[in-house]
Amino acid sequence: MKRIITVQDISCVGRCSLTVALPIISAAGVETGVLPTAVLSTHTAFPKFTFCDLTGEIEKISETFSELDIDFDAIYTGYLGSFRQLELVSQMIDRHKTDKCAVVIDPAMADNGKLYKGFTKDFARAMAELCGKADLIIPNLTEAAFMLDIPYTEEYDEEYIKDVLRKLCALGAKRAALTGISFDPTKLGTYLYDSTTDSFFSYFNEKMDVAYHGTGDIFASATLGAMMRGHSVESALTVAVDYTLECIKLTMADEDRRTYGVNFEEALPYYIERLKKYL
Ligand code: PXL
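Now for a quick tour of the structure. Everything numeric in this text was worked out from a predicted model, so none of it was measured. (Residues numbered from 1 in each chain as written. Predicted model: local features only at pLDDT ≥ 70, side-chain atom pairs only at ≥ 80, totals over all residues. Heavy atoms only, no water.)

What about the site of the ligand?
- With respect to spatial proximity, the complete set of residues near the ligand consists of D9, S11, C16, S17, L40, H43, T44, Y79, Y116, H213 and D217.
- One nitrogen or oxygen atom from the side chain of T44 is found 2.7 Å from an oxygen atom belonging to the ligand.
- Here an oxygen atom of the ligand and a side-chain polar atom of D217 are 2.9 Å apart.
- Contact with the protein chains covers 99% of the free accessible surface of the ligand, which is 320 Å². (Near = heavy atom within 4 Å. Polar contact = N/O pair within 3.5 Å; in protein donor to acceptor, adjacent residues only side chain to side chain. Areas by Shrake-Rupley, 256 points an atom, 1.4 Å probe, with all protein chains shown as cover.)

Okay, here's the thing in structure tokens:
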């Protein structure tokens, strides 16, 4: 059985970060270690939230893993709240990275052309530096634009996306997969560049006419879970696109739905089945 460690916050309510990564990656049949970086009552898109910083724990926990020879098949990072956390996570990657350990970074910090509360352009540049250590990064176009310091645009063609992906890999990441890409109003999906083979890959499924918070975390977690089950990065991304769509459809069908997050829970049986189909 594979074991991974995921480093991100716990937002108690709101279906993001660890409350999404832990169930999804566990459902893939992968031991999911967690390193919580902070505890918030909800994520920061709510009008009010508490915040308990756990930065002081990161190094101690990571060192103790090393002392106990606890190793990982992947390190997966998501929302990180400060420059210091980026620095500590970078050191953690240096400490635990081996040939068999994949580093997957979701630079969760922005969407729809805007940085989340509390982040700055300088933070995006520091996140870009961390991304240089990854085997795979999974940004949306907003995060990519902030990391590359280019204007955000919703008007793009395939050549533009390929150019952005090449620039993302020039940060040092081996592979970059952009999420939320659409060239056709009825289709939504992901576009990958693998700098180790100089090759592109894309996969699209139905585009629903809604925008829900939290789909990025679901997508990244589902990708990592599939990779750990032996899917190639390309195959894992197709699983993640299909599963995220299923979550969105279930959310749309629930008339009693409450704000924030998508129904990833009732789509877990679909994910587990979908994991059996390799590209
Ligand atoms: O979904 C990304 C995310 C994770 N964690 C926290 C957030 C957000 C997005 O707003 O605020 C605390």
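Following the structure, the description resumes.
Considerations on the environment of R229
- Tracing the backbone through its elements, the reader meets R229 in the loop between α7 (215-228) and α8 (233-253).
- With near-sequence residues (within four places) excluded, R229 lies in contact with A28, G29, V30 and Y278.
- Of the polar contacts made by the side chain of R229, one reaches the backbone oxygen of A28; its length is 2.7 Å. (Helix = DSSP H or I, 4+ residues; strand = E, 2+ residues; numbered from the N terminus. Contact = heavy atoms within 4.5 Å.)

A look at the packing of aromatic side chains
- Going through the model one piece at a time under the given rule, you end up with twelve aromatic pairs.
- Following the ring pairs from residue to residue traces out a cluster consisting of Y156, Y160, F183, Y191, Y193, F200 and F204.
- Over the ring of F200 we find K162; its NZ or CZ atom is 5.0 Å from the centre of that ring.
- Lying over the aromatic face of Y193, R166 brings its terminal NZ or CZ to 6.0 Å of the ring centre. (Phe/Tyr/Trp six-rings, centres within 6.5 Å; stacked < 30°, edge-to-face > 60°. Lys NZ or Arg CZ within 6 Å of the ring centre and 35° of its normal.)

Re unusual backbone geometry
- Unusually for a residue other than glycine, S17 sits at a positive phi of about 40°.
- By the element assignment, S17 lies in the loop between β1 (3-13) and α1 (18-27).
- For D149, which is not a glycine, the phi torsion comes out positive at approximately 55°.
- For D149, the location among the structural elements is in the loop between α5 (141-148) and α6 (158-170).

Here we look at the packing of α5 against α6
- Across the interface, α5 lies against α6 with an axial gap of 11 Å and an inter-helix angle of 55°. By the angle between their directions, the pair α5 and α6 is classed as oblique. Considering only the axes of α5 and α6, their crossing is left-handed. Two secondary-structure elements touch here, α5 through L141, A144, M147 and L148 and α6 through Y160, I161, V164, K167 and L168. (Axes fitted to C-alpha atoms, helices over the stretch in contact; angles between N-to-C directions. Parallel < 35°, antiparallel > 145°, perpendicular 65-115°, else oblique. Left-handed = near helix turned anticlockwise from the far one by under 90°.)

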